[in-house]
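Examination of the molecular architecture
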Amino acid sequence: MVKYFLGLSVLKSSWDQVFVAFWQRYPNPYSKHVLTEDILFREVTPDNRLISRRLLTKTNRAPRWTEKYLPSNMARSAYVIEDSIVDPQSRTLTTFTWNISHARYMAVEESCVYGVNPDNNSWTEIKREAWISSNLFGLSRALQEFGLARFKSSVTKTMKGFEFILAKMQGGTPSRTLAETAKEATDKVKETAVAATEKAKDLASQAQKKQQYV
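Residues numbered from 1 in each chain as written. Predicted model: local features only at pLDDT ≥ 70, side-chain atom pairs only at ≥ 80, totals over all residues. Heavy atoms only, no water.

Named according to an unreviewed UniProt entry, the protein is PRELI domain-containing protein 1 originating from Huso huso.

Take a look at the structure:
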């Protein structure tokens, strides 16, 4: 049994801009799990298609409940291969990625096609498919469920990362990261708490003074 994912996303930027952003998307505040990226192969075909293969190193956090079932020396990082084909004639960017580390425990294969949005040629549409499988006896279904949930979360971060890079490229102000938003909210809570404490002290002091005059 294999878990399957299909999703359509839209970036409100032209295909040419997204094509450039694709090669510049690391690092960004939403891709801290991507440690390194290396080009293994690249060529331009006679019909002007750009074919590339990259090796990505990513963090590999297994769910805590699996720790007693997995090897204690299991690496905390994983290697992922990314193949891509850029076709300037059809204005498509097609990628296929798969993990080569720990594939026996869980294999994740992903296919993405970046093309011009049919409803607005100034936007880019992304068709994303993924297949999550596991051969670990007794835990395969649970691992596949975990892998699918983590993949969906990763897609959200990927899109936010794209938007961040595109905003920088276009000279705009990138939207704040979740950490920055959370920090601002925490600071406001602290300021409110301090102000409330000071006000309470002031009211208590005034009440005490009134009692002295009674």
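Attention shifts here to the overall build of the protein. Across its full length, the protein carries 3 helices and 7 strands. Traced from its N-terminal end to its C-terminal end, the protein shows the element sequence β-α-β-β-β-β-β-β-α-α. Here the protein holds 214 residues, and the buried ones make up 34% of them. Sequence separation of 24 or more characterises 57% of the internal contacts of the protein that already satisfy a separation of 6 or more. As presented, the protein carries roughly 13,800 Å² of accessible surface, and 54% of it is formed by carbon and sulfur atoms. (Helix = DSSP H or I, 4+ residues; strand = E, 2+ residues; numbered from the N terminus. Buried < 20%, exposed > 50% of the residue type's maximum accessible area, 1.4 Å probe, protein only. Contact = heavy atoms within 4.5 Å. Areas by Shrake-Rupley, 256 points an atom, 1.4 Å probe, with all protein chains shown as cover.)

Glancing now at the confidence of the model for the protein. Looking at the protein as a whole, its pLDDT mean stands at 84, while 73% of the residues score no less than 70. Ignoring residues within four places in sequence, the model shows residues 176–182, a span with pLDDT below 50, making 6 contacts including any to other chains. (pLDDT = per-residue confidence, 0-100.)

This part is about the packing of aromatic side chains. Counted according to the given criterion, the structure contains 7 aromatic pairs. Ring centres of Tyr-4 and Trp-131 lie 5.8 Å apart, and the angle between their planes is 50 degrees; on these two criteria the pair is classed as tilted. Residue Tyr-4 is found in strand S1 (residues 3–11), and its partner Trp-131 is found in strand S7 (residues 124–133); the two are separated by 127 residues along the sequence. With a relative accessible area of 29%, Trp-131 lands in the partly exposed category. The ring of Phe-22 is capped by Arg-25, whose NZ or CZ atom sits 4.1 Å from the centre of that ring. One cation-aromatic arrangement involves Arg-42 over Trp-23; the distance from NZ or CZ to the ring centre is 4.6 Å. (Phe/Tyr/Trp six-rings, centres within 6.5 Å; stacked < 30°, edge-to-face > 60°. Lys NZ or Arg CZ within 6 Å of the ring centre and 35° of its normal.)

Time to look at unusual backbone geometry. Cis geometry is adopted by the peptide bond preceding Pro-27, which originates at Tyr-26 and carries an omega value of -5 degrees. Secondary-structure assignment places Pro-27 in the loop between helix H1 (15–24) and strand S2 (34–44). Located in the positive-phi region is Asn-48, a residue other than glycine, with phi close to 70 degrees. In the Ramachandran plot, Arg-91 falls in the positive-phi region, its phi being about 55 degrees despite a non-glycine side chain.

Every α-helix carries 3.6 residues per turn, so stepping three or four residues along brings you back to the same face. Those residues of H1 that sit buried are Trp-15, Val-18, Ala-21 and Phe-22. With its buried residues spanning 120 degrees around the axis, H1 presents them on a single face. (Arc of directions from axis to C-beta.)

On to the nonpolar core, then. Grouped together as the largest cluster of nonpolar side chains are 24 residues, with contacts concentrated most on Leu-11, Val-18, Leu-93, Tyr-114 and Phe-162. Contributions of two or more residues to this core are made by S1, H1, strand S6 (107–116), S7 and helix H2 (140–169). If you tally residues by element for this core, the top one is H2, at 8 residues. In this structure Phe-162 touches Leu-11, Val-18, Ala-21, Phe-22, Arg-25 and Tyr-114, once residues within four positions along its chain are discounted. (Core = buried A, V, L, I, M, F, W, Y, C linked by side-chain atoms within 4.5 Å.)

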